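Reading the structure
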Amino acid sequence: MRCPYCGSINDKVIESRTMANGESIRRRRECITCGHRFTSYERIEEKPLMVIKSDGRREPFDSKKISRGIERALEKRPVTSDMIDQLVSEIEDAVYSSSKNGREINSNELGKIVLKRLYEIDKVAYIRFASVYKHFNNLEEFISEVNNIEDRD
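Here we summarise the structure given alongside this text.

Describing helix α4 (residues 123–133)
All of the buried residues in α4 are A125, Y126, I127, F129 and A130. Two to three positions downstream of the cap, the backbone nitrogen of V124 sits 3.0 Å from a side-chain oxygen, assigning the N-cap of α4 to D122. Directly beyond the C-terminal end of α4, a positive phi value near 55° is found at H135.

This is the structure in structure tokens:
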């Protein structure tokens, strides 16, 4: 570590402490050349989970985006905000566990995970989300999806 006082790279660690629930380490250092003491921090550099869009673009996974879509689908439905938070958390866990090497997930796969969980909670919310996710172009596609739900139950 380069000394901020003299620029030397010769130093020794005097003390180390775990910070932020083990997510970082604070190190107290002393420059061997000039004796100046300084602090450095170590953090794990995490690569974000990337969502591969249908056109091939990649963008970072955003649980807030999922949350907004689910909230819209569940609007005026008998589902509490705590249930929505729990649902988003479960979806996020499922996404991380099903992603390739924990780094990428296809947007199709992500949508299927959300649809599966919505189907278990509220069929109306499922249809609302599916109508956007599956890009229904006409009434027949919408009716077909509703009939598929009736056939499953």
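Don't stop here, the text continues.
Things to note about the environment of M50
Of note, M50 is situated in strand β4 (residues 50–52). Between the C-alpha atom of M50 and that of E104, which follows or precedes it by 54 residues, the distance is 4.6 Å. Apart from the residues within four sequence positions on either side, M50 is in contact with R58, E59, P60, F61, R103, E104 and I105.

Describing the packing of helix α1 (residues 63–73) against α4
The description of two helices packed together rests on the angle between their axes and the distance between the axes. The N-to-C vectors of α1 and α4 enclose an angle of 125°; their axes lie 8 Å apart at closest approach. Here α1 is positioned oblique relative to α4, judged by the angle of their axes. Where α1 crosses over α4, the two elements pack in a sense that is right-handed. Contacts between α1 and α4 involve G69, R72 and A73 on the former and, on the latter, A125, R128 and F129. Classifying every residue of the contact of α1 with α4 by side-chain character gives three nonpolar, one polar and two charged.

Some thoughts on unusual backbone geometry
Phi is positive for K76, which is not a glycine, with a value near 60°. Counting through the fold element by element, K76 comes out in the loop between α1 and α2 (81–98). Its relative accessible area of 78% is what places K76 among the exposed residues.

Thoughts on the sheet that holds strand β3 (residues 37–43)
Strand order in the open sheet formed by three strands is β1-β2-β3, with antiparallel pairing between adjacent strands. With one partner strand each, in any of the chains shown, β1 (11–19) and β3 form the two edges of the open sheet. Strand-to-strand twist of the sheet, defined as the mean angle between neighbouring strand axes without regard to direction, takes the value 25°. Pairing between β1 and strand β2 (residues 24–31): eight bridges, direction antiparallel. Following the sheet pairing, R17 is matched in β2 by R26.

Some remarks on the side chain of D11
Tracing the sequence through the fold places D11 in strand β1. Within polar-contact distance, the side chain of D11 engages the side chain of R29 at 3.0 Å.

Things to note about the environment of H135
Within the fold, H135 resides in the loop between α4 and α5 (139–152). Beyond its immediate chain neighbours, meaning those up to four positions away, H135 contacts A130 and E141.

A word on helix α3 (residues 107–121)
For α3, which comprises 15 residues, the first-to-last C-alpha distance of 21 Å matches the rise-based estimate of 21 Å (1.5 Å per residue) to within 8%. Along α3, the residues that are buried comprise S107, L110, G111, I113, V114, L115, R117, L118 and Y119. The backbone nitrogen of N108 has a side-chain oxygen 2.8 Å away, supplied by the residue at the start of α3, namely N106.

What to know about the packing of aromatic side chains
Counted according to the given criterion, the structure contains one aromatic pair. Their ring planes at 80° and their centres at 5.3 Å tell us that Y119 and Y126 sit as a pair that is edge-to-face. Its relative accessible area of 3% is what places Y126 among the buried residues. Its guanidinium or amino end placed over the ring of Y119, K123 lies 4.4 Å from that ring's centre, counting from NZ or CZ.

The rules we used
- Residues numbered from 1 in each chain as written.
- Predicted model: local features only at pLDDT ≥ 70, side-chain atom pairs only at ≥ 80, totals over all residues.
- Heavy atoms only, no water.
- Buried < 20%, exposed > 50% of the residue type's maximum accessible area, 1.4 Å probe, protein only.
- Helix = DSSP H or I, 4+ residues; strand = E, 2+ residues; numbered from the N terminus.
- Polar contact = N/O pair within 3.5 Å; in protein donor to acceptor, adjacent residues only side chain to side chain.
- Contact = heavy atoms within 4.5 Å.
- Axes fitted to C-alpha atoms, helices over the stretch in contact; angles between N-to-C directions.
- Parallel < 35°, antiparallel > 145°, perpendicular 65-115°, else oblique.
- Left-handed = near helix turned anticlockwise from the far one by under 90°.
- Nonpolar A, V, L, I, M, F, W, Y, C, P; charged D, E, K, R; others polar.
- Pairing = 2+ DSSP bridges.
- Expected span 1.5 Å × (residues − 1).
- Phe/Tyr/Trp six-rings, centres within 6.5 Å; stacked < 30°, edge-to-face > 60°.
- Lys NZ or Arg CZ within 6 Å of the ring centre and 35° of its normal.

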